[in-house]
Amino acid sequence: MLKFNNGKFKILIFGDIHETYDYKTNPKFKDMQKLMNAALEEYKPDLCVLMGDNCSTGEVEKDPDGFKKMMEAVIKPITDRKIPVAAILGNHEHDHGAEDKVVEICNSIEGLIMRNDTPEEITGNANFKELIYSEDGKTPEFCLWFIDSNNLGEDKDVCHYDYVHSDQIRWFEDESAKLREINGGVPMPAFVFQHIPVPEEYKLFRKAKIWELPWATRGFRGKSDTFYMLKNGCKGYLGEGPCAPDINNGQFASWKRVGGILAAFFGHDHLNDFSGYFDDIYLAQHKTSGFRAYTDGCHSMVRCVTIDENNLNSFTDEIKHFKEFGLKCECLGPIFRNFTDRESRNIHIAADALYVLGGVATALIGIKHIKSRGERKNGKK
Ligand SMILES: [Fe+2]
Ligand SMILES: [Fe+2]
């Protein structure tokens, strides 16, 4: 049972770790664990959350024991301290069609919370909620929703990454109504944790002015013709266009309808750690906390969110990066180890600019060629 502790409840969040089966010998695993240990020592949380894309699932059917050992190794710094840890599914846990196996194995690991509370016909393999109780364990006071944001859209040309489906939203609304009843007829304050962000994250941005382009970030897919900056009042870093679903299925609108949702936390985009309010709901993005998939030099991060029992509608959050813990990175070479956020983003912008310039140059050469052929045909020299 999750309970407030001296009037506070601290949640330490780890993004996209992407651990793979060679963890025993790979220095990337060791560096990730250094960050985990340092953050656990500093924040001493009541709960940890893994934001999905946690461990490679490529061999889970062939080697389920190996998967279990890998997952246990990833969370060992947490479970050694007897701190509970909840984990959600990312798109990559869905990649190999073994999601049920992943949930079954995770559910069997002591101290790890991952399960499916929804009936089988409801979309997703791990939709669940956990309540935080008063210190005496008698009264549920706060709800944590863990939602499976699925994998890829049915028609990837229309919607590349999937959204939370309408049946999942209906389940969330039905369960929220029950919580309202036990909470004296008012919505229970709550957070949402899910891997793929809602499209409303783009509401935290504004279009970049032409002179701001070196500091701006290009949108994803349908928004790729626009470069964005964070709006005033938002904090953190926008390093890539959020890979939200191309279709807005109304999940954010449902949060507003139901009430009580104070904040939503997302993984999936490994370079972003921005956060800000849209329509009174705090949207917070997580960078990777590891070094496995694409990273941002030594900027792997954690976020600690603290809920105040005496004022359940307020919370604080703080992010801290690998380098800021004073840790030494061993897995990245000297260039990548010293890469900054800004440099990595500017390389993307320079690559985009070169691509456009290349296209223009090719078009100009083509026009010149056609023109000179025309002139030769007309007998001109
Ligand atoms: Fe990921
Ligand atoms: Fe992902």
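Structure: see above.
Residues numbered from 1 in each chain as written. Chains lettered and ligands numbered in written order. Predicted model: local features only at pLDDT ≥ 70, side-chain atom pairs only at ≥ 80, totals over all residues.

Asks: Explanation requested: the overall build of the chain in the structure shown.
Replies: Along its length, the chain carries seven helices and 16 strands. The C-alpha atoms of the chain give 23 Å as radius of gyration, which agrees with the globular expectation for 381 residues (21 Å, within 12%). When the backbone C-alpha atoms are referred to their principal axes, the chain occupies close to 95 × 50 × 40 Å. By the burial criterion, 40% of the 381 residues in the chain qualify as buried. Looking at the chain alone, contacts between residues at least 24 apart form 70% of all its contacts between residues at least 6 apart. (Helix = DSSP H or I, 4+ residues; strand = E, 2+ residues; numbered from the N terminus. Rg over C-alpha atoms; globule rule 2.2 N^0.38 Å. Buried ≥ 20, exposed ≤ 12 C-beta atoms within 10 Å, placed from the backbone. Contact = placed C-beta atoms within 7 Å.)

Asks: Sorry, what's going on with the packing of helix H4 (residues 166-182) against helix H5 (residues 251-258) here?
Replies: If you want to describe how two helices pack, look at the angle between their axes and the distance between the axes. Packing of H4 against H5 leaves a shortest axis separation of 11 Å and a crossing angle of 10°. Judged by the inter-axis angle, H4 sits roughly parallel to H5. Relative to H5, H4 is oriented so that their crossing is right-handed. Counted together, Ile-169, Phe-172, Glu-173 and Ser-176 of H4 and Gln-251, Ser-254 and Val-258 of H5 form the full contact between these two elements. Here the residues of the contact of H4 with H5 sort into three nonpolar, three polar and one charged. (Axes fitted to C-alpha atoms, helices over the stretch in contact; angles between N-to-C directions. Parallel < 35°, antiparallel > 145°, perpendicular 65-115°, else oblique. Left-handed = near helix turned anticlockwise from the far one by under 90°. Nonpolar A, V, L, I, M, F, W, Y, C, P; charged D, E, K, R; others polar.)

Asks: Which parts of the structure should I look at to understand unusual backbone geometry?
Replies: Excluding glycine, a negative phi dihedral is what most residues carry, and trans is how most peptide bonds are arranged. A positive phi angle, near 50°, is found at Asp-53, a position not held by glycine. By the secondary structure assignment, Asp-53 is in the loop between strand E3 (47-50) and helix H2 (64-79). Note on Asp-53: 27 C-beta atoms within 10 Å, which makes it buried. A positive phi angle, close to 85°, is found at His-268, a residue other than glycine. Locating His-268 in the fold gives a position in the loop between strand E12 (261-266) and strand E13 (275-278).

Asks: How should I be thinking about the environment of Pro-189 in this particular structure?
Replies: With respect to the helices and strands, the residue Pro-189 is situated in the loop between H4 and strand E8 (190-194). You can call Pro-189 buried: it has 22 C-beta atoms within 10 Å. Residues Pro-189 and Leu-179 lie 10 residues apart in sequence; the distance between their C-alpha atoms is 9.7 Å. The residues contacting Pro-189, other than those within four sequence positions of it, are Phe-142, Gly-260, Leu-262, Leu-312 and Asn-313.

Asks: Would you explain the sheet that holds strand E16 (residues 315-321) in this entry?
Replies: To summarise the sheet geometry, strands pair through backbone hydrogen bonds and adopt either a parallel or an antiparallel arrangement. Sheet architecture is open: six strands sit in the order E5-E4-E3-E2-E15-E16, paired in mixed fashion. The two strands at the open ends of the sheet, each matched to only one other strand, are strand E5 (112-113) and E16. Here helix H1 (residues 27-43) sits on the sheet and contacts strand E2 (8-14), strand E15 (301-308) and E16; the angle it forms with E2, its principal contact strand, is near 170°. (Pairing = 2+ DSSP bridges.)

Asks: What exactly am I supposed to notice about the environment of Lys-231 here?
Replies: For Lys-231, the location among the structural elements is in the loop between strand E11 (227-230) and H5. If we skip the residues at most four places from it in the chain, Lys-231 touches Leu-204, Phe-205, Arg-206 and Gly-276.

Asks: Help me out: how do you make sense of the pairing of E16 in this one?
Replies: On any regular strand, side chains alternate: one points to one face of the sheet, the next to the other face. Note that E15 and E16 share seven bridges and pair antiparallel. Following the sheet pairing, Arg-303 is matched in E16 by Ile-319.

Asks: Is there a simple way to explain the nonpolar core in this structure?
Replies: Where a protein is soluble and globular, its nonpolar side chains tend to be buried together. Of all hydrophobic cores here, the largest spans 88 residues; its most connected members are Ile-13, Val-49, Val-85, Trp-145, Phe-146, Ala-190 and Phe-193. Contacts of Val-49, omitting those with residues within four sequence positions, involve Ile-11, Ile-13, Ala-86 and Phe-193. (Core = buried A, V, L, I, M, F, W, Y, C linked by C-beta atoms within 7 Å.)

Asks: Got a minute to help me understand the sheet that holds strand E9 (residues 205-207) in this structure?
Replies: Taken in spatial order, the three strands make up an open sheet running E9-E11-E10, and their pairing is antiparallel. Two strands lie at the open edges of the sheet, namely E9 and strand E10 (217-218), each paired on one side alone. In this sheet, E11 lies alongside E10 in antiparallel orientation, the contact comprising two bridges. Across the sheet, the residue bridging to Arg-218 is Phe-227, located in E11.

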